[in-house]
Amino acid sequence: MFDHKKNIFVRSKVYSKSLNSSSFPKISFAKNQTTISKDVVFKGVGLHSGKMTTMILKPSNKTGILFRIKSKNTILSEILANYKNVTNTFLCTTLSDSNGNNISTTEHILAAIQALGIDNLIIELDSNEVPIMDGSCKNFIESIKKVNVVQQRSFKKFIKVKKTISVVDGDSCAKVTPEDETIISCKLSFKSEVIGNQSISFVLNPKIFESEICNARTFGFLNDISVLREKGLTLGGSLDNAIVISKDRVLNVDGLRYNDEFVRHKALDFIGDLSLAGHQMIGSFSSYKGGHKINCLLLNKIFSDKKNWEYVDSNLNPIF
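Residues numbered from 1 in each chain as written. Predicted model: local features only at pLDDT ≥ 70, side-chain atom pairs only at ≥ 80, totals over all residues. Heavy atoms only, no water.

### Some remarks on the packing of helix α1 (residues 107–115) against helix α5 (residues 261–274)
So, step 1. The interhelical angle for the contact between α1 and α5, taken along N-to-C directions, is 80 degrees, at an axis separation of 7 Å. As judged from the angle between their axes, α1 and α5 are roughly perpendicular. Only His265, Leu268, Asp269, Ile271, Gly272 and Asp273 of α5 make contact with α1, whose side of the interface consists of Glu107, His108, Leu110, Ala111 and Gln114.
So, step 2. Class assignment for the residues of the contact of α1 with α5 results in four nonpolar, four polar and three charged. (Axes fitted to C-alpha atoms, helices over the stretch in contact; angles between N-to-C directions. Helix = DSSP H or I, 4+ residues; strand = E, 2+ residues; numbered from the N terminus. Parallel < 35°, antiparallel > 145°, perpendicular 65-115°, else oblique. Contact = heavy atoms within 4.5 Å. Nonpolar A, V, L, I, M, F, W, Y, C, P; charged D, E, K, R; others polar.)

Shown next as structure tokens:
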């Protein structure tokens, strides 16, 4: 039963004739959906396009995260941040509409939004790529927190995974098992001595994400850059927005922010891609040698069968 005056859910139960403290119904507070209090502006280069981009986060009353590509006063496209709109996962996650308009490198801003528990937002851009900033999502987190996250009238709903589901693609794999909170675990393995074998596991919440994950930068190998640029990729990449590895050393003057910065960034990407479910997912998610492709394959498999998941409220009560 929902009490509109008190904004709470009350679980029904049978009362005994003699009332005592255990006879009262269990009361649990429902969480409201959220947006931001006012616009937040970011300006920076696109990692792959090399184009300068202005991105504006705008409060929204609509359900979901919506990318809007705009030129002057003309809206060119609106693309919902949803796994069904993923059209490319090579080096980043690209979303497209039915007319072929696309927005790429969506994962970092989506990870920040997901970690802060924001439900409704418009992301307006004057180009087709989210600015890379410093290669992490620290700038996004800090700027959003300055304008505050505000509650709305509607209530949150979460997606709880009900079955163990796994996907494999070459030597990459991803898996989710039922759990009552959101747990992220990642492992990676590279021949490079700089990276080697790394792993991380944590409960996803704003405090842990901000202190342990959001500052981890994207990375790449110097030997790959010329080939990628011939394909029109990494045109905006530099030591200012990525960790660059040459053989067995890091070229960035200031070195690494964490000894295991590489796997922390993989976890950041994983969170951003999982946000394309449309609501925060509850389950224990893990990946080995993960990337955008395997992340999206996992989402597609989860939602391929309604028996795999259910909507729940913030207290894990099923929503019908």
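### Things to note about the sheet that holds strand β8 (residues 74–80)
So, step 1. Judged by pairing direction, the sheet is mixed, and its five strands sit side by side in the order β5-β6-β12-β7-β8 without closing on themselves. Two strands bound the open sheet, and with one partner strand each, they are β5 (40–45) and β8. Strand after strand, the sheet turns through a mean of 20 degrees between neighbouring axes, direction not considered.
So, step 2. Sheet strands in contact with α1 are β6 (52–59), β7 (64–71) and β12 (120–125), and its direction is about 140 degrees off that of β7.
So, step 3. With respect to the sheet, helix α2 (residues 138–147) is in contact with β5 and β6, its orientation differing from that of β5 by roughly 160 degrees. (Pairing = 2+ DSSP bridges.)

### Here's the deal with the side chain of Ser185
So, step 1. Tracing the chain through its elements places Ser185 in strand β17 (residues 182–189).
So, step 2. The buried category is assigned to Ser185, whose relative accessible area is 18%.
So, step 3. Here Ser201 takes part through its side chain, which lies 2.7 Å from a polar atom of the side chain of Ser185.
So, step 4. Setting aside residues up to four positions removed in sequence, Ser185 forms contacts with Ile200, Ser201, Phe270, Phe285, Ser286 and Ser287. (Buried < 20%, exposed > 50% of the residue type's maximum accessible area, 1.4 Å probe, protein only. Polar contact = N/O pair within 3.5 Å; in protein donor to acceptor, adjacent residues only side chain to side chain.)

### So, the pairing of β6
So, step 1. Pairing of β5 with β6 involves six bridges; the strand directions are antiparallel. In the strand pairing of β6, Val45 is matched with Met52.
So, step 2. Two successive antiparallel strands, β5 and β6, enclose a turn made up of six residues, where Gly50 displays a positive phi of approximately 80 degrees.
So, step 3. Pairing geometry for β6 and β12, over five bridges, is antiparallel.

### Structural notes on the pairing of strand β20 (residues 243–246)
So, step 1. Residues Ile243 and Ile245 line one face of β20 and the alternating positions Val244 and Ser246 line the opposite face, and both faces are buried.
So, step 2. Taken together, the three bridges between strand β19 (residues 219–221) and β20 define a ladder with parallel strand orientation. The partner of Phe221 across the bridge, within β20, is Ile245.
So, step 3. This β-α-β element, β19 to helix α4 (residues 222–230) to β20, shows right-handed connectivity.
So, step 4. Across two bridges, the pairing between β20 and strand β21 (residues 249–250) is antiparallel. From the neighbouring strand, Ser246 faces β21, where its bridge partner is Arg249.
So, step 5. Between β20 and β21, which pair antiparallel in sequence order, lie two residues; one of them, Lys247, sits at a positive phi of approximately 55 degrees. (Right-handed = clockwise from strand over helix to strand, strands pointing away.)

### Section: the packing of helix α3 (residues 206–213) against α5
How two helices sit against one another is set out by the angle between their axes and by the gap between those axes.
So, step 1. Packing of α3 against α5 brings their axes to within 11 Å, and their N-to-C directions diverge by 140 degrees. Between α3 and α5, the crossing angle belongs to the class labelled oblique. Our pair here, α3 against α5, has a crossing hand that is left-handed. Judged by residue contacts, Phe209, Glu212 and Ile213 of α3 engage Arg264, Leu268 and Ile271 from α5.
So, step 2. Of the residues contributing to the contact of α3 with α5, the split by class is four nonpolar, no polar and two charged. (Left-handed = near helix turned anticlockwise from the far one by under 90°.)

### Focus on the packing of aromatic side chains
Pairs of aromatic rings are described using the distance from one ring centre to the other and the angle between the two planes.
So, step 1. Summed over all chains, the structure comprises seven aromatic pairs.
So, step 2. The interplanar angle of 90 degrees and the centroid separation of 5.0 Å between the aromatic rings of Phe42 and Phe140 together place this pair among those described as edge-to-face. Of this pair, Phe42 sits in strand β5 while Phe140 sits in helix α2, and the two are 98 residues apart along the sequence. As far as burial versus exposure is concerned, Phe42 and Phe140 are alike and both buried.
So, step 3. One aromatic cluster is present, formed by Tyr83, Phe303, Trp309 and Tyr311 through successive ring pairs. (Phe/Tyr/Trp six-rings, centres within 6.5 Å; stacked < 30°, edge-to-face > 60°.)

### Re the environment of Arg264
So, step 1. Examined against the element boundaries, Arg264 turns out to sit in helix α5.
So, step 2. Residues Arg264 and Cys214 lie 50 residues apart in sequence; the distance between their C-alpha atoms is 8.3 Å.
So, step 3. Excluding residues that lie within four positions of it along the chain, Arg264 makes contacts with Ile200, Glu212, Ile213, Ala216 and Tyr258.

### Examining the pattern of salt bridges
Oppositely charged side chains can form a pair if their charged atoms are brought close together.
So, step 1. The final tally for this structure, using the stated rule, is 13 salt bridges.
So, step 2. Its salt-bridge partner being Lys160, residue Asp180 comes within 3.4 Å of it at the nearest N-O pair. Here Asp180, found in the loop between β16 (172–177) and β17, pairs with Lys160, found in strand β14 (residues 158–161); they are 20 residues apart in sequence, far enough to count as distant.
So, step 3. The class for Asp180 is exposed, based on a relative accessible area of 51%.
So, step 4. Using a relative accessible area of 13% as the deciding quantity, one classes Lys160 as buried.
So, step 5. Among the ionic pairs, Asp260 bridges to Arg264, the shortest N-O distance being 2.7 Å. Each member of the pair, Asp260 as well as Arg264, is classed as buried.
So, step 6. Residues joined in a network through salt bridges with shared partners are Arg68, Glu78 and Glu124. (Salt bridge = Lys/Arg side-chain N within 4 Å of Asp/Glu carboxyl O.)

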